[in-house]
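Listed below, chain by chain, are the residues.
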Amino acid sequence: MDIRNVPAEDYQQIHRLRDYCFPNKYSGARRDDFHYWIEHSTTLGAYDGDKVVGQLLILPLNMTIHGENYDMGGIGFVATYPEYRQRGIIKKLMTASLKEMRQQGQTISVLAPFSVSFYRYFGWELFVDKLHYAIPQAQFPDFGKQLDVVKRMSFEWPDKTLFEAIQSFHNEQASVTNGSMLRDAAWWKRIERRSPESHFAACYLASDIAGYLRYTIQDGIFTIHDLIADNPAAEQALWRFVTAHAASVHTIEGITANDRHFGFNFANPQFPKKVIQDVMVRIVDAFSFMQRYPWAELQQTLYVRLEDHFCPWNEHIFKINKDGHVSIIEANSESEKHMLTLPINLFSAMMVGYLTVKDAITFGNQELADEVISHWNKAIPAKQPMFYEYF
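Residues numbered from 1 in each chain as written. Predicted model: local features only at pLDDT ≥ 70, side-chain atom pairs only at ≥ 80, totals over all residues. Heavy atoms only, no water.

Caption draft 1: Seen up close, the sheet that holds strand β13 (residues 273–276). One open sheet accounts for seven strands, arranged β8-β9-β10-β11-β12-β7-β13; its pairing is mixed. Either end of the sheet is taken by a strand with one partner, and the two such strands are β8 (149–154) and β13. Across the sheet, the mean angle from the axis of one strand to that of its neighbour is 25°, orientation sign disregarded. Judged from the four bridges that link them, strand β7 (residues 130–136) and β13 form a sheet pairing that is antiparallel. Residue pairing across strands places Tyr-133 opposite Lys-273, the latter belonging to β13. (Pairing = 2+ DSSP bridges. Helix = DSSP H or I, 4+ residues; strand = E, 2+ residues; numbered from the N terminus. Axes fitted to C-alpha atoms, helices over the stretch in contact; angles between N-to-C directions.)

See the structure below:
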């Protein structure tokens, strides 16, 4: 079985394999969107002769981690024909994807797993708790009556100036929100292709945009896809806009970060909520990642030994000096005494802020002196990540 980059003449094979292995066959704008990403991603194929029997796409994306934006490889559309399963094809594709991402400088990777344990085996780990909510009309939030400045548009009836302001505002917020992705024109076009019925509402305070919504309305359900505001007043204004639809909708649905205490300011927040864990993260190149990492407070030299069966370039002892300089060293008495030892999946979840150092050590069945744990806790920014994109 040969793993290689898929040339343009085999793109139709990628379409056929995706359509066979996934529940819904793409057509129209969704097919166009998928084809765009075949062309602009690293598209790996497993070949049996001239036939593509397995595939994996690495989308060229990005991710903001504690204020630092990294090139990120988004793994998607992983599939193989049923008659070729149990032959290690996906393992070969995943291994090849890690090498490709490292070569392209994508030091971190994100995917949506069909099986958490399957991708955990390859070094990815859960890193986001999403809260899905469904608010019935009787419990719609009430933030009083106020004349807000809200401007509205849709993909069908666009307002170029407003859309540019929304795009700019989104990236300003994403650049300071842990786990967020900056959206370029291609990603907005993907959203339009996949959700052409989307509407937008932007709240303005003192002539500047201070928050926006992207939403759809169908069968009496108001679904919030994006709700981003840079202050409480703007967020309340957006909720007033949402509840202004009460005459035509019976439910508000959406997703938010589980650590945001969602509904805390609602008069009656006892509506259905469900925590979903459906995205995983992995550091691809630990040395490059840590060289750019925005350490919080380095009071002492730190040492970490990583275990990574699929990325041998990560299986080293790393030394982080108090000035943030990172180097690869050989073991010595000082490093062994203060060594944090973790598999790459737990290290990844810890570094993006999802797991505490104590959590990572516990899940990794490791022991570490309380003093060293304290130094690591101070070094890693404490903000939880949130990732809303889908691919």
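Caption draft 2: View of the layout of surface pockets. The volume enclosed by the largest pocket comes to roughly 860 Å³. Lining the largest pocket are 36 residues, with Phe-22, Val-78, Ala-79, Phe-114 and Tyr-119 sitting closest to its centre. No other element matches the six residues that strand β4 (residues 68–80) contributes to the lining of the largest pocket. (1 Å grid on protein atoms, 1.4 Å probe; cavity = no way out; pocket = protein on both sides within 12 Å on 5 of 7 lines; lining within 4 Å. Points joined across faces, edges and corners; volume = space filled by probe spheres on them.)

Caption draft 3: Geometry of helix α2 (residues 28–40). For α2, which comprises 13 residues, the first-to-last C-alpha distance of 19 Å matches the rise-based estimate of 18 Å (1.5 Å per residue) to within 8%. Buried residues in α2 make contact with α1 (11–21), β2 (42–48), β3 (51–65), β4 and α6 (185–194). (Expected span 1.5 Å × (residues − 1). Contact = heavy atoms within 4.5 Å.)

Caption draft 4: Region of the structure containing the environment of Gln-12. Looking at where Gln-12 falls in the secondary structure, it is placed in helix α1. Overall, Gln-12 belongs to the partly exposed group, its relative accessible area being 38%. On a C-alpha basis, the gap between Gln-12 and Tyr-215 in space is 33 Å, while along the polypeptide they are 203 residues apart. When neighbours within four sequence positions are excluded, Gln-12 is seen to be in contact with Arg-31 and His-35. One polar contact links Gln-12 to Arg-31, side chain to side chain, over a distance of 2.8 Å. (Buried < 20%, exposed > 50% of the residue type's maximum accessible area, 1.4 Å probe, protein only. Polar contact = N/O pair within 3.5 Å; in protein donor to acceptor, adjacent residues only side chain to side chain.)

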